[in-house]
Structures are given as C-alpha cells and as structure tokens.
Amino acid sequence: MFDRPKSLVDVRTHFCPGCHHGIAHRILAETIDRYDLREKTIGVACVGCSVFLYDYIDVDVAEAPHGRAPAVATGVKRAQPDKFVFTYQGDGDLAAIGTSEIIHAANRGENITVLFVNNTTYGMTGGQMAPTTMLGQRTSTSPYGRDFRNDGYPIKMAELLATLEGTAYSARVATSTPAQIRKAKEAVRKAFEMQIREMGFSIVEFLSTCPTNWGMKPLEAQERVLGEMSEYFPLGVYKERTQADFV
Amino acid sequence: MKAAAVEIRRELMKGNVAICLGAIAAGCRFYYGYPITPQNDIPEYMSTHLPTMGGTFLQAESEVATINFILGTAASGKRVMTSSSGPGISLMQEGLSYMAGSELPAVIVNISRSGPGLGGIAPSQGDYFQAVKCGGHGGYRMPVLAPHSVQEMYSLTMRAFDLADKYRNPAMVLGDAIVGQMKEPFTPVPYEPSVPPEKPWALTGCKGRPRQNVKSLYLKDNAIEVHNWKLFRKYERMREEEVLFERFRLDGATIAIVAFGTAARVCKTAIQWARQEGIPAGMLRPVSLFPFPSAQVDEAAEAADVVLVVEMNTGQMVEDVRMSTRHHDRIRFLGKPCAMPTPEEILGEIRTLAGKRP
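Given the structure is predicted, the values throughout are model-derived calculations rather than measurements.

Enquirer: Please explain the interface of chain A and chain B as it appears in this structure.
Expert: In many reports, interface size means the accessible area that the parts give up when they come together. Opposite the 35 residues of chain A that make contact, chain B presents 33 residues. Among the residues of chain A in contact with chain B, Glu39, Asp60 and Glu63 of chain A are the three that bury the most area, contributing 23% of the side total. Here chain A is connected to chain B by four salt bridges. Where chain A packs against chain B, one counts 18 residue pairs in polar contact (both at pLDDT 80 or more).

Enquirer: Would you mind showing me how to read the confidence of the model for chain B here?
Expert: Where the model shows low pLDDT, its predicted coordinates should not be examined in detail. Per-residue confidence for chain B gives a mean pLDDT of 95, with 97% of residues at or over 70. Here the complex is predicted with pTM 0.96, and the ipTM for its interfaces comes to 0.97.

Enquirer: Would you take a moment to explain the pairing of strand S3 (residues 84-90) of chain A for this structure?
Expert: Residues and elements named next belong to chain A. Of all the seven residues making up S3, seven are buried; the element is thus mostly covered by neighbouring parts of the structure. Burial along S3 is two-sided: the face carrying Phe84, Phe86, Tyr88 and Gly90 and the face carrying Val85, Thr87 and Gln89 are both buried. By the bridge criterion, five bridges tie strand S1 (residues 41-45) to S3 in an arrangement that is parallel. Along S3, the bridge assignment pairs valine 44 with threonine 87. Bridge count for S3 against strand S4 (residues 113-118) is five bridges, and the pairing is parallel. Residue pairing for S4: phenylalanine 86 is matched across the bridge by threonine 113.

Enquirer: Hey, could you run me through the nonpolar core in this one?
Expert: Soluble globular proteins tend to pack their nonpolar side chains together in the buried interior. Formed by 119 residues in total, the largest nonpolar core has its most connected members in Phe201 of chain A together with Met46, Met81, Val144 and Val321 of chain B. Element by element, the count of residues in this core is highest for helix H6 (residues 150-167) of chain B, at 10 residues. Ignoring anything within four residues of it in the chain, the contact list for methionine 46 of chain B reads Cys20, Ala23, Ile24, Tyr31, Pro51, Phe57 and Met81 of chain B. Core analysis: the second largest hydrophobic core is formed by 36 residues, Leu8, Ala29, Val59 and Val188 of chain A among them.

Calculation rules
- Residues numbered from 1 in each chain as written.
- Chains lettered and ligands numbered in written order.
- Predicted model: local features only at pLDDT ≥ 70, side-chain atom pairs only at ≥ 80, totals over all residues.
- Heavy atoms only, no water.
- Contact = heavy atoms within 4.5 Å.
- Buried area = accessible area lost by both parts, 1.4 Å probe.
- Salt bridge = Lys/Arg side-chain N within 4 Å of Asp/Glu carboxyl O.
- Polar contact = N/O pair within 3.5 Å; in protein donor to acceptor, adjacent residues only side chain to side chain.
- pLDDT = per-residue confidence, 0-100.
- Buried < 20%, exposed > 50% of the residue type's maximum accessible area, 1.4 Å probe, protein only.
- Helix = DSSP H or I, 4+ residues; strand = E, 2+ residues; numbered from the N terminus.
- Pairing = 2+ DSSP bridges.
- Core = buried A, V, L, I, M, F, W, Y, C linked by side-chain atoms within 4.5 Å.

Next comes the structure, spelled out in structure tokens:
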C-alpha cells in the first residue's frame, strides 16, 4: 500500500520543480502518522519558502519571525510539555539570523525536534548567499563566487550542534536517492523518538536542492547534492544519546 | 452587635515586586526574561516563586529570544509576562510586531531607564514614543498603562492581562526606576477577571477540530489590507473603551498640569503646595498612555489659562497633548531627560506661570 499520509494535506504545493521541500514534508507527515501525533502536535514555521508548512501539514502551526523558531518552540513546549513540538527551518533562518536561538535551544536540551533544510541559498528572497553557500558558489549576493577571505566558510550545523551537551540527536541526511530517503526517514524517526522519550534536543539536517536559484535543471541539482554538497557536508549521525539521565 | 472586622492587609512593598504579585494574582504562571537594570527584582522574584506554584521561569539568552518564548507560550493560550528596560525592549520590538500581527496577548513590563543607546540607569520617561507609537514595524498599537504608585504597579498589571486577552494584543506596563524601586504601603486586593478565559484560537493540537494557525503573513489578494483594517478597528475600540486617567484637584484650575507616572506623583506634591499658596493648579494624569485621554486633556486645556506638561524626558508627551487640543498657545513644558524633577522645581514653574514671584 502506498497512500498519502494522513497528516499531509491533499493540495498542490507552491514549491518549484525539483525542490526537495515536498519530500521532507512527506517524511515529516509520515513520521507524525507513525507515532499517531497529529492531534497533539504543534509545528513552528519560519520565514522563507517553508513558511507555508501550515498549508501542507495537517497540524496546528505557529509562525515565527526569521530565525526565532527554536525560541517560539521553547515557549510552546514549556507551556505544553505533553505536546509534540517541531520547527521546520531553512539554512538562512537557522544558520545565520537564528544561530543564537538554535544554539541555546540545543544547549538547554530543549525537548523539541528541528527539521533543518539546507539548500545553500536563500530561496524565497531570490537566491542570495547563505551561511551554507559553498566556496566558489555564485549567488545574487556573491556574484563572483563565495570567497572565504571575504565571506568565511560554509557552516556545518549538524556537527556544530552535536558538540553541545543538550543535543540528544544530530544527523545529516539527503533526499536525492531512494536509499538516502530511507535513511532520512530513519533519522527523522530517531529525532522524534528523542522528544517522545524526553531525551532532549534533536535535529535532522536535510541536504536539499534549489534548482531555480542554482540555475540548474532538477537532475543537475540532484547531482550537486550527491557530489559537491555531500562531500563538504558529510551525511551521517553526529550525536545520538542513549541514556535519558545524561549528566 | 459588633460588625465583623474586615481584615485589610497592608504591607510595605517594592514596586517591582508588586508587579509580580499582580501578575501572579491574575493567573500568570509563565515568565521569561533577560537581566537588565533597573528591573531585576522582577525576574529574581519570579524565579523564586513561580516554580513553587507549578509555574515556569526561564532566563533567555537574549531579549530577542525572550519575546519569542513569550510568543510561543501566548500561542499556547497561557498568560505570560516579561519585563525589561529600554535597550531590552528595543530588542523585543520585532517580536512585538509579530505578536500584534498574529494577535497574541501578553504583558510586557518596561521599567525604563535613560537612553538613547546604553544611556544610563537613571529613571526616565524617554521610552514614551517607543511605547505609545510602537517601535516595531508595520504600524500597530498596544495598550500602555503607566502606574505612579506601588498599588498601581499591582492593579494595572492585572488590568494589562485583561486588556491583552480582551483584544488579543500585547499590552505594556510602563514604569521607571523610581516607581520600580520605591517601597510604600500596599494592599493586595483580589483579582477580579473581566475577560472570559476561553481562547479557542490557541494552538493546543488539533484534537477534535480542524488544524489552526497563529500567523501574521497574508500574501493572498487583499488579505493583508483586510487584516490591517481589522487591527485598526481594534485600536479604535481601545480608544473608545479603555481610556484611563485621574483628575487631581482640577476643579477651578487655571494651571492644568498633564503628567504621568513618577512625574505625576511629584506634581501632586507641588500642586498641594501651590494650592496652599492660593494658586489654583490641578492635574490631568493619563493612566493609559495609549489610548491617550485626549478628550479629557482638551477639556482641561479649555478650562485653564495654561497647560503645563511635566515629563522625565525632553517633551515626548507634549506631542500628544498638542494633538488633543487646539489651545497650542497655552502649552508649556517642564522636564528632565534623566532625572526626577523636584516638587520645588515644579512649584517654581507654577508660580512663574501664575505670575507670582517665588
């Protein structure tokens, strides 16, 4: 049987052809269904292409200012510790304007789950440079290619957050092949379980595409994820807590 | 038969603590904040007492995070408060705009200090513009209440919670270092809610109902215009229903003072002294700075020869006084941006305006 997940709204999405948000949405919805969480979930949507989460995932959703989703999720989770709370954030959101919020939410061991979609650019605003933009990558604000002497290096959030004591789970996945999608589902499942078992903060970083702003055809974009991107941003599990009573 | 004695409990209480007592009495069990002088008594009190009553205190990594903790808890349908001071309130402006746009209720306390910038920690009313015109983007309003006593720190905090819930909007209590730090007798009257607590819009998981959102983004067709007019009508309703003011010895006053908060308190002393000298001075004290008591200010200006605005700033409320009355030629200003004017200074100005030599 291959059905639409119950938590995925039956509408056409606004995402561009070849974009991976739709795949991430489906994995999210399937995992919500798997743990029967639809009626006790509060999502936090961010600024950018992902803000329309509330049109696609059939759960209660709050909207956060740019980068502040981990703080909004903290406010929701502290008020309703019995609910399942997740954020869905892009790379500009999480790794630039919201670095303070994500680091401190992780460091507090805030019992929330973060889905982090890294497509190395600011999608909705028209393809400007993100903190995750690859060296040499041309964007509308790095027209000569990202140069570390001027712009620094692409930031590796899954690794960075794994160093924090409050982080229970941190993994990086991709969704460019069926095998990767299976691993991505497994990572999201683990991240959900961390929250359900009250183990602390969990994050899954998705390497994703943005064919429109990359100026690529969808298949070329897939190749970029499989090659250049996953070389610099290695896939894998960077932290996995096994005991809840971490000291 | 003797009548049963009514027990009136009076305590010596600090202004900042009275705010905490008002919030707790009003059912607030969530407080988030970030330390800044001169309001630290509030997070310190809350961190001690909220956990013992099943509440939540959380110190944030910044004021930016604080206001978004607030946003999340308000979206969950709970009563929630923060407090800060000028520079911290500036950092909260982004979240306040989102909360106004998303129609989320919360109480924000500003125990203001002198600015701009890092300024100083001396008491000031220099955040008047930011509070009443609202410093965040997009053009919104919030009720702003200005206590001038420890008792009002308590009662107006309770009222701020009711206003926030009634209008689904942030509400501000605007104090300063003097009214926050001073101690005086105070009576903890019981809280009587004026707003039903139901919040069907809250995000509690979509059990038994369709999913719902708390959001401020409206991209389709005309939706943001419709939303903005709806918010505008809400602010208009505040202007009609929520004006708060005090008339102090205003009958027959030829010198009408307009002052709020700590400045108004000092003016009361100066007015008593002036009256003893036979100078008919009085005061219209705005208690709600938004909505501003424009009709009452106009009425006072109509009856008086001169309107003296006294503020602990360089004359920010003067603009609202001018907007309230056509008698611009009668308006005078006395103020200090970073200190409390003394009763003697105010009396001196009253004497001058009354044409008497000191």
